[in-house]
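Chain and residue survey
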Amino acid sequence: MASRVGFVSGFLLLSILLVTSCKKKAERTMADTLIPKPSSIEKADENFELKNTTSIYIAQDDPEMASIASYLVDKLKPATGFPLLISTQSNPEKDFIFLSLIADETLGEEGYQLVVDESSIKLLANKAAGLFRGIQTIRQLLPVQIESTTIQKEKDWLV
């Protein structure tokens, strides 16, 4: 009889834990899934779609900036198959990812601002490390298939 009471008590405790963990999972937000967790986030109704015509623009003609942009191409190209050209054109109109270093000490060494709308992604940082961190966030905002090493056909690449 004592073992049956122990079994029922254990089952009841396990059931409560399962319900509690499911509830917590359902309450997670986008900010909770990003690593590192953003200090603030504002979700817009617009999505940027990475396409075959998307280009990457860097504000500074600088070897470090070019290296960071190349890293982004290396991470996105295998799954998309898109050429993702890198340019220093000063005023692109649409369908671009823009990387820039800005003088904003409030962002610190690794902080960044990421603005996504239907025509562009703008990633701004005080230091190169911030741009690198921002690229990791862009990757996390894309479908998980972006990490594939082979082209994923018929996929919408929405950020």
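Per-chain numbering applies: the sequence of each chain, read as written, is numbered from 1 onward. With the structure being a predicted model, the display of local features is reserved for residues of pLDDT at least 70 and the display and counting of side-chain atom pairs for 80 or more, all residues being used for whole-chain, interface and lining totals. The side-chain numbers reported here are obtained from all heavy atoms of the structure, hydrogens and water having been left aside.

1. Quick look at the overall build of the chain
Put simply, the rule is: Helix and strand assignments come from DSSP, with helices taken as H or I runs of at least 4 residues and strands as E runs of at least 2, each series counted from the N terminus. Three labels apply to residues, based on accessible area from a 1.4 Å probe with only protein chains included: buried if under 20% of the type maximum, exposed if over 50%, partly exposed otherwise in between. In what follows, residue pairs with any heavy atoms lying within 4.5 Å of each other are defined as contacts. Each accessible area is a Shrake-Rupley estimate made with a 1.4 Å probe; only the visible protein chains count as cover when residues are assessed.
Tallying secondary structure elements over the chain gives four helices and seven strands in all. Ordered by position from N to C terminus, the α and β elements of the chain give α-α-β-β-α-β-β-β-β-α-β. By residue count, 30% of the 159 residues in the chain fall in the buried class. Taking contacts inside the chain between residues at least 6 apart in sequence as the whole, the part at least 24 apart equals 61%. Surface exposure of the chain reaches about 10,500 Å², of which carbon and sulfur atoms provide 55%.

2. Quick notes on the sheet that holds strand E3 (residues 86–87)
Spelled out, the test is: When DSSP finds two or more bridges between a pair of strands, those strands are recorded as paired. Simply put, an axis is a line fit to the C-alpha atoms, just over the touching stretch for a helix, and the angle between two N-to-C directions goes from 0 to 180 degrees.
Sheet architecture is open: five strands sit in the order E3-E2-E4-E6-E5, paired in mixed fashion. With partners counted over all chains shown, the strands left at the sheet margins are E3 and strand E5 (112–116), one partner each. Both strand E2 (residues 55–58) and E3 contribute to a ladder of two bridges, which runs parallel. Residue pairing across strands places Tyr57 opposite Ser87, the latter belonging to E3. Each of E2, E3 and strand E4 (96–101) is contacted by helix H3 (residues 63–80), which is oriented at about 145 degrees to E4, the strand it contacts most. Here helix H4 (residues 128–141) sits on the sheet and contacts E4, E5 and strand E6 (120–125); the angle it forms with E6, its principal contact strand, is near 150 degrees.

3. Here's the deal with H3
Filter applied, for reference: Helix span is expected to be 1.5 Å times the residue number reduced by one. Between N or O atoms, a polar contact is any pair within 3.5 Å; within protein, one atom must be a potential hydrogen donor and the other a potential acceptor, and residues adjacent in sequence are included only when both atoms are from side chains.
Across its 18 residues, H3 extends 25 Å between first and last C-alpha, which sits within 8% of the 26 Å expected from 1.5 Å per residue. For H3, the secondary structure elements touched by its buried residues are strand E1 (49–50), E2, E3, E4, H4 and strand E7 (157–158). Two or three places before Glu64, at the start of H3, stands the capping residue Asp62, its side-chain oxygen 2.8 Å from that residue's backbone nitrogen. Gly81 sits one or two positions beyond H3 and adopts a positive phi of about 80 degrees.

4. Some thoughts on H4
End to end, H4 covers 20 Å across 14 residues, agreeing with the expected 20 Å (1.5 Å per residue, within 8%). Each element contacted by the buried residues of H4 is listed here: H3, E4, E5 and E6.

5. Re the pattern of salt bridges
Pairing between side chains of opposite charge can happen when the charged atoms of each approach one another. Rules: We define a salt bridge as a side-chain nitrogen of Lys or Arg found within 4 Å of a carboxyl oxygen belonging to Asp or Glu.
Summed over all chains, the structure comprises two salt bridges. Here Arg133 makes a salt bridge to Glu110, at a shortest N to O gap of 2.9 Å. Of this pair, Arg133 sits in helix H4 while Glu110 sits in the loop between E4 and E5, placing them 23 residues apart in sequence. Note that Arg139 is salt-bridged to Glu147, the shortest N-O span being 2.7 Å. Given a relative accessible area of 44%, Glu147 falls into the partly exposed group.

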